[in-house]
Amino acid sequence: MIDIPVPLKALQIARHMMGFDPLWTEGILSVQNRVAQLLAEHTDYYGAWIPIRIIDHAGFIRVEENGIAGEYRASCDPLNDHILDIEPLSIHPHAPSTLQHMLQIQLEAWPVEAEQLELKTLVQQLADSAFIPYTPKIKDALLVRFESISINSIERSDLLTKAIKNISMMRPYIDTLLRNSSEAFYQLRLCGRQMAIVLAFTTLVNVLLEKIETQDKSVDDYWIAQAEFALHRAFYSTALSCSETMLNTFLHSLASLGHLSLVIACVEQFESYTNQAFENAKSVGLSTEVSEENVVAHVCNDFGYALTLWSDMHQALKMLLPAAYAGQLLARFLCEYKHADLANAQTEKIRFIYKQCDETVVIIMTSLSHAVRAHDPKVRASHIALIREARKKRGEREARAIIRNLVEQQAFYPRAWKKWLEQVSKDVELKI
């Protein structure tokens, strides 16, 4: 079996650690070990839905009989799905000691190369037990100016003018918050869960600003004054740390003032972006400008290039995860808000988006996890063996169905690998 270079191994562990949240990822690792233990003790659990719980959020996972393919659902049908009658496996956050130990192993084996010094430094920071993730904040100056304008707007008659000025004044601060947070997330200093909160909050504010600036017909003086009040309340809730508390305060204020349409607009934005970005991530290397045949041929003949596309796909998935989770957060708020005045069709759509975003988040996290597990050649070999077995027992069509599942449903490998996986699984002498 061909080994994966140490820098790529370290990068994949780092993505797995910071893609969502290092504490929760450690907790998920613990549950994955528990699932493996259950399946070893009860072989009849293969293919059945295993209940899990993350805080108050329920879900279900299952592992197929081959022990490789798996699936996650936000909900199951008790009448038609085989659900195990056991206590849900509870996922709790833990200090990322396992992940940091994995990074330290790679750092010890990492050769000193100048062009990789920046990446190695970032990984070293993550491996340090004293590592503290970046915290997104809005400049202190904003609170002073925001407070001053708000007080003046109460004292003077031109409430609308002041409210518009107050909200519009935020744009450069919101842009800076989003830019700094995105950079920190790209550099593995900010986790995906926190990035999702920043995305959700800044998108809400920008949708609000767009409505005002384009003089949307649904916006009147009272609407603007209410929105300004909601924003003002959110800032005073958190000492300018863009936290889940700030986001929830803003959401509840908007909802109580009748501005749920803003939240719905943001949910739809995140749904559209997530769907397209997920497809794009799986299609790395493939474009209208490059012949697909050439890309596939390059993958089949150059394992180094194949690894590059594999890594590029996981980077794209990691960068997508915050948007999917932001959509999930906002959709869940709409589903749970008791006074949401939504039409039945709209409610069903929001629930569908919530489920879709939830499952996309899990698929991405599983894919990032698989990238780390696939450092073991036995894991890669097991996939090839699975494809070969399907071809031997049920023909080429079933073999391609396995490949399609690994690529399309589970996002374990990029689409450019399909032909390569097909070829490798036909050649019993070829090693990957």
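Reference entry: report on the structure contained in this document.

Criteria and thresholds
- Residues numbered from 1 in each chain as written.
- Predicted model: local features only at pLDDT ≥ 70, side-chain atom pairs only at ≥ 80, totals over all residues.
- Heavy atoms only, no water.
- Salt bridge = Lys/Arg side-chain N within 4 Å of Asp/Glu carboxyl O.
- Helix = DSSP H or I, 4+ residues; strand = E, 2+ residues; numbered from the N terminus.
- Phe/Tyr/Trp six-rings, centres within 6.5 Å; stacked < 30°, edge-to-face > 60°.
- Lys NZ or Arg CZ within 6 Å of the ring centre and 35° of its normal.
- Polar contact = N/O pair within 3.5 Å; in protein donor to acceptor, adjacent residues only side chain to side chain.
- Contact = heavy atoms within 4.5 Å.
- Core = buried A, V, L, I, M, F, W, Y, C linked by side-chain atoms within 4.5 Å.
- Buried < 20%, exposed > 50% of the residue type's maximum accessible area, 1.4 Å probe, protein only.
- Expected span 1.5 Å × (residues − 1).
- Axes fitted to C-alpha atoms, helices over the stretch in contact; angles between N-to-C directions.
- Parallel < 35°, antiparallel > 145°, perpendicular 65-115°, else oblique.
- Left-handed = near helix turned anticlockwise from the far one by under 90°.
- Nonpolar A, V, L, I, M, F, W, Y, C, P; charged D, E, K, R; others polar.
- Pairing = 2+ DSSP bridges.

1. Points about the pattern of salt bridges
Phase 1: Under the criterion given, the structure shown has 16 salt bridges.
Phase 2: The shortest N-O distance in the salt bridge between R193 and D21 comes to 3.0 Å. Here R193, found in helix 8 (residues 192–213), pairs with D21, found in the loop between helix 1 (6–18) and helix 2 (22–41); they are 172 residues apart in sequence, far enough to count as distant.
Phase 3: Between E398 and R394 there is a salt bridge whose closest N-O contact spans 4.0 Å.
Phase 4: Connected through salt bridges with shared partners, the residues E279, K282, E408, R415 and K418 form a single ionic network.

2. Examining the packing of aromatic side chains
Phase 1: Enumeration over the complete set of coordinates arrives at six aromatic pairs.
Phase 2: Here the aromatic cluster, defined as three or more aromatic residues joined through ring pairs, consists of F303, W310, Y413, W417 and W420.
Phase 3: Positioned above the aromatic ring of F185, the side-chain terminus of K318 is 3.7 Å from the ring centre.

3. Observations concerning the side chain of T202
Phase 1: Counting through the fold element by element, T202 comes out in helix 8.
Phase 2: Side-chain polar atoms of T202 contact the backbone oxygen of L199, separated by 3.3 Å.
Phase 3: With near-sequence residues (within four places) excluded, T202 lies in contact with I174, L177 and L178.

4. A short note on the nonpolar core
Phase 1: Counting residues in each nonpolar core, the largest one holds 112 residues, and the members touching the most others are F201, L204, L247, F250, W310 and L330.
Phase 2: Looking at this core element by element, the count peaks at 18 residues for helix 13 (residues 303–336).
Phase 3: Judged by nonpolar contacts, the second largest core, of 19 residues, contains I13, L29, W110 and C191.

5. Looking at helix 8
Phase 1: Here helix 8 contains 22 residues, and its C-alpha end-to-end distance of 31 Å stays within 8% of the 32 Å for a straight helix at 1.5 Å per residue.
Phase 2: Along helix 8, 18 of the 22 residues are buried, which leaves the element largely enclosed by surrounding structure.

6. Some points on helix 2
Phase 1: With 20 residues, helix 2 extends 29 Å between its outermost C-alpha atoms, agreeing within 8% with the 28 Å of an ideal straight helix rising 1.5 Å per residue.
Phase 2: Along helix 2, the positions that sit buried rather than exposed are P22, W24, T25, E26, G27, L29, V31, V35, L38 and L39.
Phase 3: A side-chain oxygen of the first residue of helix 2 lies 2.8 Å from the backbone nitrogen of L23; this N-cap is D21.

7. Describing the packing of helix 8 against helix 11 (residues 260–282)
Phase 1: In contact at an axis separation of 9 Å, helix 8 and helix 11 are set at 120° when each is read in the N-to-C sense. Taken together, the axes of helix 8 and helix 11 are oblique relative to one another. Our pair here, helix 8 against helix 11, has a crossing hand that is right-handed. Facing helix 8, whose interface residues are L199, A200, T203, L204, V207, L208 and K211, helix 11 presents L262, V263, A265, C266, Q269 and F270.
Phase 2: Among the residues forming the contact of helix 8 with helix 11, the class breakdown is ten nonpolar, two polar and one charged.

8. Focus on the pairing of strand 1 (residues 50–54)
Phase 1: Bridging between strand 1 and strand 2 (residues 57–63) involves five bridges; their strand directions are antiparallel. Paired with I52 across the strands is G59, a residue of strand 2.
Phase 2: In sequence, strand 1 turns back onto strand 2 through a hairpin of two residues, with I55 there showing a positive phi of about 55°.
Phase 3: Two elements, strand 1 and strand 4 (residues 89–91), share three bridges in a ladder whose sense is parallel.

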